[in-house]
Amino acid sequence: MSSLIKRTQDKELGRGMDRQQVVLHMNHGMGDNSYAHNSIIQNKVMREAKPIVEENIKRLHTIIPIHCFKVADLGCSSGPNALQLVSNVIDIVDTTTSNLNLKPPVFQFFLNDLFGNDFNSIFKSLPQFSEIIEEKKGHKLGPCFINATPGTFYKRLFPNNFSHFVHSSFSLHWLSQVPKKLFNKENIHLTSTSPPRMHKAYLEQFQNDFKLFLKLRSQELVSEGGMVLTLFGREETRDMRTAWRLFGITLNDMRLENLIEEIKLESFNLPLYDPTIEEAKEAIEEEGSFTLQRLESVIMGWDGNINEGVDDNNKLDLNMRAQFITKQQRAALEPLLKAQFGENVMDELFLRFKNKVAELMEEKILEFPTLIISLIKKA
């Protein structure tokens, strides 16, 4: 009887993970609330990480003869950022092979995300992207093949010893599932007042997921293959990102006004975790498949520092900055929130969130750390 119960539980868990894989995606298309139009911060983080990507790829070309350079971008999403890594890698390899007097390799890129991702928008942009690359590089580069690889990166995606380089940007803070048995009725995520058992549950879920990710990628990477990861982090404190707390407060306000159902709020938790540097480092060392080359934290404003370097006449005011932040959050979280609370309350939810962000910005500077991790698979 116990084995039957376990099989039933496993089946229910599988259904939950399957459902999450369907609703976990950025907003599709090219509309005002789409990820394609609201991913400036992600692009800035990729620019911050580019020198580290370059360092890792250059090292690889000095130790391994590469005829077909296989690169996997895990959690590629859609919009202009989806092909930014492809462009960056081509630039880096072009410069590296020229400096080392090597023949340029053939490129094979594998763009991965969950099944609900808007891969069609990526495919539609490929002809124009190829024209731009040819104009920049001429015909001196080898052929470039771009493939879609749908599926969760918490499972195997490629054969053994297949990829030379793996990249993942702003994806690994998404967990494979919400931790079990949270009993978190008042909030949708961790807060400074959450009980220690909740912090422990989220941390254990992150550690298990991250170690699994590392183990799977070590099987797929060639010996001494490289990997660069970026993800939301947090400082050495129990406080989680304030944005999650603001969403929780907003949803509770709407519950009190009967705009959303209490049972839907009580059963909802965000499958996200922002680790500290030490938590990420501990998981890497315990899993043991990779040598840690770099682990850095870059501080960025919620608004992507959009007023930085802009003259006073062109700076966005507080309300416009709050709107910018809200659109960034909406592009990423709306599909998940819509699946739980319904499409009819989305405009009201994000309007209220924007107002709370504007109020908070009057009191404090809103920033978050991003972790940039560079790894080499052990020989």
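Definitions and cut-offs
Residues numbered from 1 in each chain as written. Predicted model: local features only at pLDDT ≥ 70, side-chain atom pairs only at ≥ 80, totals over all residues. Heavy atoms only, no water. Core = buried A, V, L, I, M, F, W, Y, C linked by side-chain atoms within 4.5 Å. Buried < 20%, exposed > 50% of the residue type's maximum accessible area, 1.4 Å probe, protein only. Helix = DSSP H or I, 4+ residues; strand = E, 2+ residues; numbered from the N terminus. Contact = heavy atoms within 4.5 Å. Arc of directions from axis to C-beta. Pairing = 2+ DSSP bridges. Axes fitted to C-alpha atoms, helices over the stretch in contact; angles between N-to-C directions. Salt bridge = Lys/Arg side-chain N within 4 Å of Asp/Glu carboxyl O. 1 Å grid on protein atoms, 1.4 Å probe; cavity = no way out; pocket = protein on both sides within 12 Å on 5 of 7 lines; lining within 4 Å. Points joined across faces, edges and corners; volume = space filled by probe spheres on them. Nonpolar A, V, L, I, M, F, W, Y, C, P; charged D, E, K, R; others polar. Phe/Tyr/Trp six-rings, centres within 6.5 Å; stacked < 30°, edge-to-face > 60°. Lys NZ or Arg CZ within 6 Å of the ring centre and 35° of its normal.

Engineer: Can you lay out the nonpolar core for me, pointing to particular residues and giving the numbers?
Structural biologist: One finds Phe-247, Leu-337, Phe-341 and Val-357 to be the most contacted residues of the largest nonpolar core, which totals 38 residues. Breaking this core down by element, the ones donating at least two residues are α2 (40–63), α6 (242–256), α9 (318–341) and α10 (346–363). The biggest single contributor to this core is α10, with eight residues. Not counting the four nearest positions on each side in its chain, Phe-247 is found in contact with Ile-188, Gln-329, Leu-333, Leu-337, Leu-349, Phe-350 and Phe-353.

Engineer: Just give me the short version of helix α8 (residues 277–287), but keep the residues and values in it.
Structural biologist: Turning to α8, its buried residues are Glu-279, Ala-280, Ala-283, Ile-284 and Glu-287. Along the axis of α8, the buried positions cluster into a sector of 135°, meaning they face one direction only. Residues of α8 that are buried sit in contact with α5 (196–220), β6 (290–301) and β7 (367–377). With its phi angle positive at about 85°, Gly-288 sits one or two positions after the end of α8.

Engineer: Any details on unusual backbone geometry? Residues and values, ideally.
Structural biologist: Located in the positive-phi region is Asn-101, a residue other than glycine, with phi close to 55°. Mapped onto the elements, Asn-101 comes out in the loop between α3 (84–99) and β2 (106–113). Even without being a glycine, Asn-161 presents a positive backbone phi close to 50°. In this fold, Asn-161 is placed in the loop between β3 (144–150) and β4 (163–169).

Engineer: Please provide a residue-by-residue account of the sheet that holds β4, values included.
Structural biologist: Strand order in the open sheet made by the seven strands is β3-β2-β1-β4-β5-β7-β6, with mixed pairing throughout. In this open sheet, the two edge strands, each paired with only one partner strand, are β3 and β6. Strand-to-strand, the axes of this sheet are offset by a mean angle of 15°, without reference to chain direction. As defined by bridge partners, β4 adjoins strand β5 (residues 221–232) across six bridges and the pair is classed as parallel. For His-167, the partnering residue across the bridge sits in β5 and is Val-228. Each of β2 and β3 touches helix α4 (residues 119–137); the most contacted strand, β3, lies at about 175° to it. Against the sheet, α5 makes contact with β1 (68–74), β4, β5, β6 and β7, and its axis sits at roughly 150° relative to β5, the strand it touches most.

Engineer: Run through the pattern of salt bridges, naming residues and quoting values.
Structural biologist: One pass over the full model with this rule turns up 15 salt bridges. Linking Glu-257 and Arg-352 is a salt bridge whose minimum nitrogen-to-oxygen distance equals 2.8 Å. Linking Glu-257 in the loop between α6 and α7 (262–266) with Arg-352 in helix α10, this pair joins segments that are 95 residues apart in sequence. A residue is classified by how much of its surface remains accessible, and Arg-352, at 19% relative accessible area, is buried. Among the charged side chains, a network of salt bridges with common partners joins Glu-55, Arg-294 and Glu-296.

Engineer: Explain empty space enclosed by the protein to me, and be specific about the residues and the numbers.
Structural biologist: Applying the stated criterion across every chain, the model contains two cavities of 30 Å³ or more. By volume, the second largest cavity amounts to about 40 Å³. As for the second largest cavity, its lining consists of Met-46, Ala-49, Lys-50, Val-53, Leu-85, Asn-88 and His-167. Residue assignment for the lining of the second largest cavity shows that the elements contributing at least two residues are α2 and α3. Ranked by residues supplied to the lining of the second largest cavity, first place goes to α2 with four residues. Grouping the constituent residues of the lining of the second largest cavity by class yields four nonpolar, two polar and one charged.

Engineer: Residue-level account of the environment of Gln-207, with values.
Structural biologist: Looking at the secondary structure, you find Gln-207 in helix α5. For Gln-207, a relative accessible area of 14% gives the class buried. For the pair Gln-207 and Pro-275, spaced 68 residues apart in sequence, the C-alpha separation works out to 9.2 Å.

Engineer: Outline the packing of aromatic side chains, listing residues and values.
Structural biologist: One pass over the full model with this rule turns up 14 aromatic pairs. Ring geometry for Phe-110 and Phe-158: centres 5.2 Å apart, planes at 65°, overall edge-to-face. Residue Phe-110 is located in strand β2, and its partner Phe-158 is located in the loop between β3 and β4; the two are separated by 48 residues in the primary sequence. Relative accessible area serves as the criterion here: at 8%, Phe-158 is assigned to the buried category. In this structure an aromatic cluster arises from ring pairing among Phe-110, Phe-158 and Phe-162. Note that Arg-217 overlies the ring of Phe-213, its terminal NZ or CZ placed 5.0 Å from the centroid.

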